[in-house]
Amino acid sequence: MSATIISMVNHKGGVGKTTSTLNLGKALSLQKKKVLIIDLDPQSNLSQSTGIEEPEKNIYHALCEGAELPTLNLSTNFDLVPADLDLSEAELRLQSDVNGYFILKKILKSAAENYDFILIDCPPSLGILTLNALIASHRVVVVVQSEYLAVKGLQTIFNLIEKLKENLNTDLDILGMLITQINRTVFRTSIANTVREIYQGKVFETMIRANITLAEASASGKDIFSFDATCAGAKDYQDLAKEVIKLLKNK
Ligand SMILES: Nc1ncnc2c1ncn2[C@@H]1O[C@H](COP(=O)(O)OP(=O)(O)OP(=O)(O)O)[C@@H](O)[C@H]1O
Ligand SMILES: [Mg+2]
């Protein structure tokens, strides 16, 4: 087994990266895939969304102190590497290390043998933590909120991926752009259509509907399938997991 490593990115904040990492990860595990999700954001929202606060060991210790990757089991086939506010210090530490951009790649080499998928929840920036994730990854999911201005900063991410592909990670590819928080208003639908027109063929067919239950689940430290498996959010992430599996089979 060698995992497909996927970074969930957008330097814009609040677009649904963390919600998607948690719920796509859980949905893949329910499809009998072995999944590890990694919290790479000092805000540690992913860890909090699984009910974990102030973990004893977190990703910082693995990145900056050479500790073993701390994995916590959440449910069958579903593990988490937590983060903590400590991680904000990692940016400075990594920047002063000549190998600072490659540490996550190195750390994940042996972990990859134990999983089918590793999903990395990136912070809302394109700094050294996100670069570590992109250099360690095979694929990228660009999470895009169906909101005005959402389309604007996207080119920056694509340019960065192209640059990385030239040299630092020639295997990197976009798995898809994920449109989130869609609803039936003409406004949001037209934004989703614009994204599809501009980025033809790169946008997931599955879109994640705006669904307050997703926010409620995170706030109570649960994934959507454990919180309310019948809601729209659970259905959407289940569809996304199937689409991801199908896409990777065809590559
Ligand atoms: N489909 C959805 N419907 C309704 N609310 C959602 C949906 N997806 C995410 N949210 C809510 O929107 C907020 C932002 O989502 P999330 O934390 O996943 O974004 P993010 O991109 O990880 O943010 P950051 O950039 O700060 O890390 C959260 O309160 C979350 O619960
Ligand atoms: Mg987040």
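Structure report, in brief. (Residues numbered from 1 in each chain as written. Chains lettered and ligands numbered in written order. Predicted model: local features only at pLDDT ≥ 70, side-chain atom pairs only at ≥ 80, totals over all residues. Heavy atoms only, no water.)

Side chains of Tyr101, Phe102 and Leu168 sit close together on the surface and give an oily, nonpolar patch of about 250 Å² of accessible area. Summarising the element assignment, phenylalanine 102 is placed in the loop between α4 (87-95) and α5 (103-111). Taking the relative accessible area as the measure of exposure, phenylalanine 102 reaches 32% and is therefore partly exposed. (Patch = residues over 30% accessible without salt bridge, like charges linked within 9 Å, V, L, I, M, F, W, Y side chains within 5 Å. Areas by Shrake-Rupley, 256 points an atom, 1.4 Å probe, with all protein chains shown as cover. Salt bridge = Lys/Arg side-chain N within 4 Å of Asp/Glu carboxyl O. Helix = DSSP H or I, 4+ residues; strand = E, 2+ residues; numbered from the N terminus. Buried < 20%, exposed > 50% of the residue type's maximum accessible area, 1.4 Å probe, protein only.)

One recurring pattern in soluble globular proteins: nonpolar side chains tend to sit buried together. Judged by nonpolar contacts, the single largest core of 55 residues is most densely connected at Ile59, Leu63, Leu108, Ile118 and Ile120. For this core, the element with the highest residue contribution is helix α6 (residues 128-136), accounting for seven residues. Setting aside residues up to four positions removed in sequence, isoleucine 118 forms contacts with Ala3, Thr4, Ile5, Ile6, Leu36, Ile38, Leu108, Ala111 and Ala112. Counting residues in hydrophobic clusters, the runner-up holds 33 residues, among them Met8, Ala27, Phe204 and Leu240. (Core = buried A, V, L, I, M, F, W, Y, C linked by side-chain atoms within 4.5 Å. Contact = heavy atoms within 4.5 Å.)

Take the site of ligand 1 next. In the vicinity of ligand 1 there are 17 residues, among which Lys17, Thr18, Thr19, Arg209 and Asn211 approach most closely. Valine 15 has a polar backbone atom sitting 3.0 Å from an oxygen atom of ligand 1. In this structure, an oxygen atom belonging to ligand 1 sits 3.5 Å away from a side-chain N or O atom of aspartate 41. Computed on the free molecule, ligand 1 has an accessible area of 630 Å², of which 79% lies beneath the protein chains in the complex. Of all the secondary-structure elements, those providing two or more residues to the shell around ligand 1 are α1 (17-30) and α9 (212-219). Taken together, the residues of the shell around ligand 1 sort by class into six nonpolar, eight polar and three charged. (Near = heavy atom within 4 Å. Polar contact = N/O pair within 3.5 Å; in protein donor to acceptor, adjacent residues only side chain to side chain. Nonpolar A, V, L, I, M, F, W, Y, C, P; charged D, E, K, R; others polar.)

Within the secondary structure, asparagine 77 is located in the loop between β3 (72-75) and β4 (78-81). Given the relative accessible area of 26%, asparagine 77 is considered partly exposed. C-alpha of asparagine 77 to C-alpha of tyrosine 115: the two residues are 38 residues apart in sequence and 8.6 Å apart in space. In contact with asparagine 77, other than residues within four places in its own chain, are Ser29, Lys32, Lys33, Lys34 and Val35.

This part takes up the packing of aromatic side chains. Considering all chains together, one arrives at one aromatic pair under this definition. On the numbers, 4.9 Å between centres and 20° between planes, the contact of phenylalanine 158 with tyrosine 199 is stacked. Highlighted residues: phenylalanine 158 in helix α7 (residues 154-166) and tyrosine 199 in the loop between α8 (186-198) and α9, separated in sequence by 41 residues. No difference in accessibility class separates phenylalanine 158 from tyrosine 199, as the two residues are buried. The lysine or arginine in question, lysine 34, covers the ring of tyrosine 115, its NZ or CZ lying 4.8 Å from the ring centre. (Phe/Tyr/Trp six-rings, centres within 6.5 Å; stacked < 30°, edge-to-face > 60°. Lys NZ or Arg CZ within 6 Å of the ring centre and 35° of its normal.)

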